[in-house]
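As a plain string of letters, each chain reads:
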Amino acid sequence: MCQANVIFTQAANGIATLTLNRPEIRNAFDDQMIATLITHLEQIEQSSTIKVLLLKANGKHFSAGADLKWMAQMAENQPAQNFADAQQLAKLMYLLNRLSKPTVAIIQGAAFGGAVGLAACCDMVFATEQASFCLSEVKLGLIPAAISPYVIRAIGERQARRYFISAEMFSASTALDLGLVHQIAPNQDALESISSDWLKNLLNNGPLAMQAVKKLVLEVSLQNIDDRLIADTAQRIADIRATPEAKEGLAAFLQKRTAAW
Ligand code: COA
């Protein structure tokens, strides 16, 4: 039987997991794998029972980025088909970045090219000490186009210029300094344990509040701080505190009990 290139699981507590599963080619992703990921993300977005998403990968490496055999084949297509295909990768990044639910990625081994994009699109990223990162595209005569909006937001324009141009490999500790990674684990077991603790912590937060705060960051960043933005932020807090979820959260705090969500 053919092994799924992406494994989807959902636990009763609301944690969904997407596992990249093409370890034989280092979880490099082709059009099929991208389509599968898109389908899962669309379903996760719609699900009323999924509260958070964990993105991980089977094998020694998180992912070698785009499947270079597929890239080479696509280049032979007619321009319109070539463009349509490239749009799918851009769509995957967009959907992951905009997913309303919190996203956590855990990274072991290599995260190259598009895999850095996947990490940049997630809200929290943990990596093993031994993990390595590389925006290797220019070594191949390519550019990290589809992932650039997210990587630039994650590490900033100044650092993106260096790492996009140099295509140098960088360590987990550098990724931490750059802001791409939030926490480093000494080994794979610790990585799993840190992510599992964080996921459980996230489940204690108001699920709708986490969605609203994620939207807040995405929409407020890069905007001018002017009267319009100030009014917008005031409206958001006014709206959220009138929701049943916030009323429950505040009541639970004042009554010294756990919130019922
Ligand atoms: N696309 C397609 N196949 C890939 C791939 C990719 N991005 N990355 C690795 N593979 C394949 C290799 O061709 C090899 O196939 P083979 O067994 O048929 O020869 C297999 O995966 C194992 O690769 P290998 O390089 O031997 O694994 P490694 O564990 O020594 O190194 C990496 C892992 C990720 C460091 C290395 O494979 C690599 O640098 N890959 C290219 C990553 C890249 O530049 N991605 C950017 C894409 S834009």
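When helices and strands are counted, the protein chain shows 11 helices and nine strands. Whereas a compact globule of 261 residues would reach a radius of gyration of roughly 18 Å, the protein chain reaches 19 Å, a difference of no more than 12%. Counting only C-alpha atoms and orienting by the principal axes, one finds that the protein chain spans roughly 60 × 45 × 35 Å. Counting across all 261 residues of the protein chain, residues that qualify as buried make up 43%. Within the protein chain, contacts between residues at least 6 apart in sequence are counted, and of these 68% link residues at least 24 apart. Of the roughly 13900 Å² of accessible surface on the protein chain, 57% is carried by carbon and sulfur atoms.

Taken together, the side chains of Leu68, Met71 and Leu140 make up a nonpolar region of the molecular surface, amounting to roughly 250 Å² of accessible area. The topology assignment puts Leu140 in the loop between strand 7 (132–134) and helix 5 (148–155).

It is worth spelling out the packing of aromatic side chains at this point. For the structure on display, the rule yields three aromatic pairs. Plain terms: the ring middles of Phe133 and Phe170 are 5.7 Å apart, the flat faces sit at 15° to each other, and that makes the pair stacked. Residue Phe133 is found in strand 7, and its partner Phe170 is found in strand 8 (residues 169–171); the two are separated by 37 residues along the sequence. Phe133 sits in the buried class, given a relative accessible area of 0%. Put simply, the rings of Phe133, Tyr163 and Phe170 pair up and form one aromatic cluster.

Within the largest apolar cluster, 52 residues are counted, with the highest numbers of intra-cluster contacts made by Leu55, Phe62, Ile107, Leu118, Phe133 and Leu180. With near-sequence residues (within four places) excluded, Leu55 lies in contact with Leu18, Leu20, Phe62, Leu96, Val104, Ala105, Ile106, Leu118 and Cys122. Residues Val52, Leu54, Ala185 and Ile194 belong to the second largest nonpolar core, which totals 15 residues.

The next point concerns helix 11 (residues 244–254). For helix 11, the full list of buried residues reads Glu245, Ala246, Glu248 and Ala252. All buried residues of helix 11 fall inside an arc of 160° around its axis, so they share one side. Across helix 11 from its buried face, at more than 90 degrees, point the exposed residues Lys247, Leu250 and Leu254. Directly after helix 11, the chain includes Lys256, whose backbone phi takes a positive value near 55°.

This brings us to the site of the ligand. For the ligand, the set of nearby residues contains 15 residues, the closest of which are His61, Ala64, Ala66, Leu68 and Ser136. In this structure, Ser136 approaches the ligand through a side-chain N or O atom, which is 2.7 Å from an oxygen atom. When the free accessible area of the ligand is taken as 870 Å², the share hidden by the protein chains comes to 59%. By residue class, the composition of the shell around the ligand is eight nonpolar, two polar and five charged.

Further remarks concern the sheet that holds strand 7. Spatially, the three strands line up as an open sheet ordered 5-7-8, and their pairing is mixed. Edge positions in the sheet fall to strand 5 (110–112) and strand 8, since each has one partner strand and no second. In this sheet, neighbouring strand axes are inclined to one another by 25° on average, regardless of whether the strands run parallel or antiparallel. Both strand 5 and strand 7 contribute to a ladder of three bridges, which runs parallel. From the neighbouring strand, Ala111 faces strand 7, where its bridge partner is Phe133. Most of the contacts of helix 4 (residues 114–121) go to strand 5, to which it runs at about 95°, and overall it touches strand 5 and strand 7.

With that settled, the discussion passes to the side chain of Ser63. In this fold, Ser63 is placed in the loop between strand 3 (52–57) and helix 2 (68–75). Residue class for Ser63 comes out buried when judged on its relative accessible area of 0%. At a separation of 2.9 Å, a polar atom in the side chain of Ser63 contacts the main-chain amide nitrogen of Gly65. In this view, Ser63 contacts Leu20, Arg26, Asn27, Ala28, Phe29, Ala110, Ala111, Phe112 and Ala115; residues no more than four positions away in its chain are not counted.

Taken as a whole and judged by the stated rule, the model has 12 salt bridges. In this structure, Arg22 engages Asp67 in a salt bridge whose closest nitrogen and oxygen atoms are separated by 3.2 Å. Taken together, the positions of Arg22 in the loop between strand 2 (15–20) and helix 1 (31–46) and Asp67 in the loop between strand 3 and helix 2 put the pair 45 residues apart, joining distant regions of the chain. Judged by relative accessible area, which is 10%, Asp67 ranks as buried. Here Arg257 ties to Glu248 by a salt bridge, and the two come within 2.7 Å at their closest N and O atoms. Taking relative accessible area as the criterion, Glu248 reaches 19% and is therefore assigned buried.

How each quantity is defined
- Residues numbered from 1 in each chain as written.
- Predicted model: local features only at pLDDT ≥ 70, side-chain atom pairs only at ≥ 80, totals over all residues.
- Heavy atoms only, no water.
- Helix = DSSP H or I, 4+ residues; strand = E, 2+ residues; numbered from the N terminus.
- Rg over C-alpha atoms; globule rule 2.2 N^0.38 Å.
- Buried < 20%, exposed > 50% of the residue type's maximum accessible area, 1.4 Å probe, protein only.
- Contact = heavy atoms within 4.5 Å.
- Areas by Shrake-Rupley, 256 points an atom, 1.4 Å probe, with all protein chains shown as cover.
- Patch = residues over 30% accessible without salt bridge, like charges linked within 9 Å, V, L, I, M, F, W, Y side chains within 5 Å.
- Salt bridge = Lys/Arg side-chain N within 4 Å of Asp/Glu carboxyl O.
- Phe/Tyr/Trp six-rings, centres within 6.5 Å; stacked < 30°, edge-to-face > 60°.
- Core = buried A, V, L, I, M, F, W, Y, C linked by side-chain atoms within 4.5 Å.
- Arc of directions from axis to C-beta.
- Near = heavy atom within 4 Å.
- Polar contact = N/O pair within 3.5 Å; in protein donor to acceptor, adjacent residues only side chain to side chain.
- Nonpolar A, V, L, I, M, F, W, Y, C, P; charged D, E, K, R; others polar.
- Pairing = 2+ DSSP bridges.
- Axes fitted to C-alpha atoms, helices over the stretch in contact; angles between N-to-C directions.

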